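# Observations on the three-dimensional arrangement
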Amino acid sequence: MYHPEQRLFGGWLLAFTLVLLLMLPFPVAAGVSAVKTVDGLKQPWGMAFLPDGEILISERSGTLRRIHNGKLLAAPVSGLPAIEEHGQGGLLGLALHPQFAKNHWLYVAYAGKGKGGYSTHLARGQYQDGALTQWQVLFEATPKSDPGQHFGGRIVFDRAGYVYLSLGDRGERDSAQDLSSHAGSVIRLHDDGRIPADNPFVNTPGAKPEIYSYGHRNMQCMALHPVSGQVWTCEHGPQGGDEVNIERAGANYGWPVITYGEEYGGGAVGKGATQQEGMEQPVLFWKPSIAPSGMAFYTGDKYPAWRGNLFVGALKSELVSRVILDGNRYVNEERLLENTIGRIRDIQQAPDGYLYVLTDEDKGGLYRLELVEQGT
């Protein structure tokens, strides 16, 4: 397994020549510009592109916003329950059912409150014309707890129609190695919330049967590989050690037993191990951290040279990482939009073939990535 620690300290040849874009509001290197399409969003977290062209945007405070005909509507979506904005938790990821055009099911991850504190919930409602109806809570992570960090919250459907939800360790790191807790895991369900009979821990005494993989810290990225159909995730390390992983049934991804990060302020996490038998290695990791959030594989026609690349948003580093792969193997990275538009919370490919990003700001925006011809 290749460990890309060496390449993350510099020495890069960018895929494009450095250009100066004096006439654009957000000039960047590498021939890429970020065109703001919508502003006025408050700490947006996730987005969903509907078949009719409408875009839904979740705001962490608990509001679901509508973009219709390119404009942000003043009235939010109705029908959501009370969302608990608690620390990093709130209204989080969104996903459309694979048959959304027929059944209108919108899936929502959010922080909910109950006995013992807070946890990440998964629910769905039928969305149409600015309203959610038939609200159904499909899953609540247990045990609930009081810390305000590491809720995870990304949602993905695979080709077989199973739904996956990423869960953080809730700041209680040892829970990620405890199969009697949902914390620090990826869960896998049928679209109606039923537990699949072939989930890896269904017959393990004391284990949560929803768990698909475990040993994660805080995954705020999740995407389906367009060729293999495998679920990929990306998670925050502590201080360094952000990881990209390929999810495998029953696999242990090591946190906090192994990590390429260190304690905040310095010092080893645990015994300082980076590998251990029976624990997975990442496809790549970043050291120092970029704080990844949002992830997408590009399959469109707007940037032909980028087809098959993996794109990861970054909060701390305020950039988009373009990761070049050879199958499942890391090859190279190009950093786009660095320190130009702010903290990147989510990135997705829209039906129009462009990549769009959300900025995690009190005055956040939705931006479209466009290539810029050399010499303009």
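Preceding block: the structure.
Here's a quick rundown of the structure. From a predicted model like this one, the values you see are computed outputs, not experimental measurements. (Residues numbered from 1 in each chain as written. Predicted model: local features only at pLDDT ≥ 70, side-chain atom pairs only at ≥ 80, totals over all residues. Heavy atoms only, no water.)

## So, the packing of aromatic side chains
Each aromatic ring pair is described using two quantities: the centre-to-centre distance and the angle formed by the ring planes. As a reminder, the rule being used: Working definition: rings of Phe, Tyr and Trp (its six-membered ring) pair if their centres are within 6.5 Å, and the pair is stacked with planes under 30 degrees apart, edge-to-face with planes over 60 apart, and tilted otherwise. Secondary structure elements are defined from DSSP: runs of H or I of at least 4 residues count as helices, runs of E of at least 2 residues count as strands, and each element is numbered from the N terminus. With a 1.4 Å probe rolled over the protein chains alone, any residue whose accessible area is under 20% of its type maximum counts as buried; one over 50% counts as exposed, and the rest are partly exposed. Any Lys NZ or Arg CZ found within 6 Å of a ring centre and within 35 degrees of that ring's normal is scored as a charge over the ring.
What the rule picks out here adds up to 11 aromatic pairs. Arranged with centres 4.9 Å apart and planes meeting at 80 degrees, the rings of tyrosine 107 and phenylalanine 157 form a pair that is edge-to-face. Separated by 50 residues along the polypeptide, tyrosine 107 in strand E7 (residues 105-114) and phenylalanine 157 in strand E10 (residues 155-157) bring together distant segments of the chain. Take tyrosine 107: its relative accessible area is 0%, and that puts it in the buried class. Centroid distance tyrosine 110 to tryptophan 135: 6.1 Å. Interplanar angle 50 degrees. Geometry classified as tilted. Taken together, the positions of tyrosine 110 in strand E7 and tryptophan 135 in strand E9 (residues 131-140) put the pair 25 residues apart, joining distant regions of the chain. A connected cluster of aromatic rings, assembled from ring pairs, spans Tyr298, Tyr303, Trp306, Phe311 and Tyr354. The residue whose ring lies beneath arginine 170 is phenylalanine 151, and the NZ or CZ to ring-centre distance is 4.0 Å. Directly above the ring of tryptophan 255 sits arginine 217, whose terminal nitrogen or CZ lies 5.4 Å from the centroid.

## Quick word on the sheet that holds strand E5 (residues 71-72)
Quick reminder of the rule: Two strands qualify as a pair provided DSSP detects at least 2 bridges between them.
Pairing in this open sheet of four strands is antiparallel, and the strands run E2-E3-E4-E5 from one edge to the other. Because the sheet does not close on itself, it has two edges, and the strands there are strand E2 (44-49) and E5. By the bridge criterion, five bridges tie strand E3 (residues 55-59) to strand E4 (residues 63-68) in an arrangement that is antiparallel. The residue of E4 that forms the bridge with isoleucine 57 is arginine 65.

## Describing the sheet that holds strand E14 (residues 219-224)
Where we set the bar: Axis definition: a line fit to C-alpha positions, over the contact stretch in the case of helices; interaxial angles, taken between N-to-C directions, run 0 to 180 degrees.
Across the sheet, four strands lie side by side as E14-E15-E16-E17; this open sheet has antiparallel pairing. Each edge of the open sheet is held by one strand with a lone partner, namely E14 and strand E17 (284-286). Strand-to-strand twist in this sheet, taken as the mean axis angle between neighbours without regard to direction, amounts to 15 degrees. Direction of pairing for strand E15 (residues 231-235) relative to strand E16 (residues 242-246): antiparallel, over a ladder of four bridges. Within the sheet, the bridge partner assigned to cysteine 234 lies in E16 and is valine 244.

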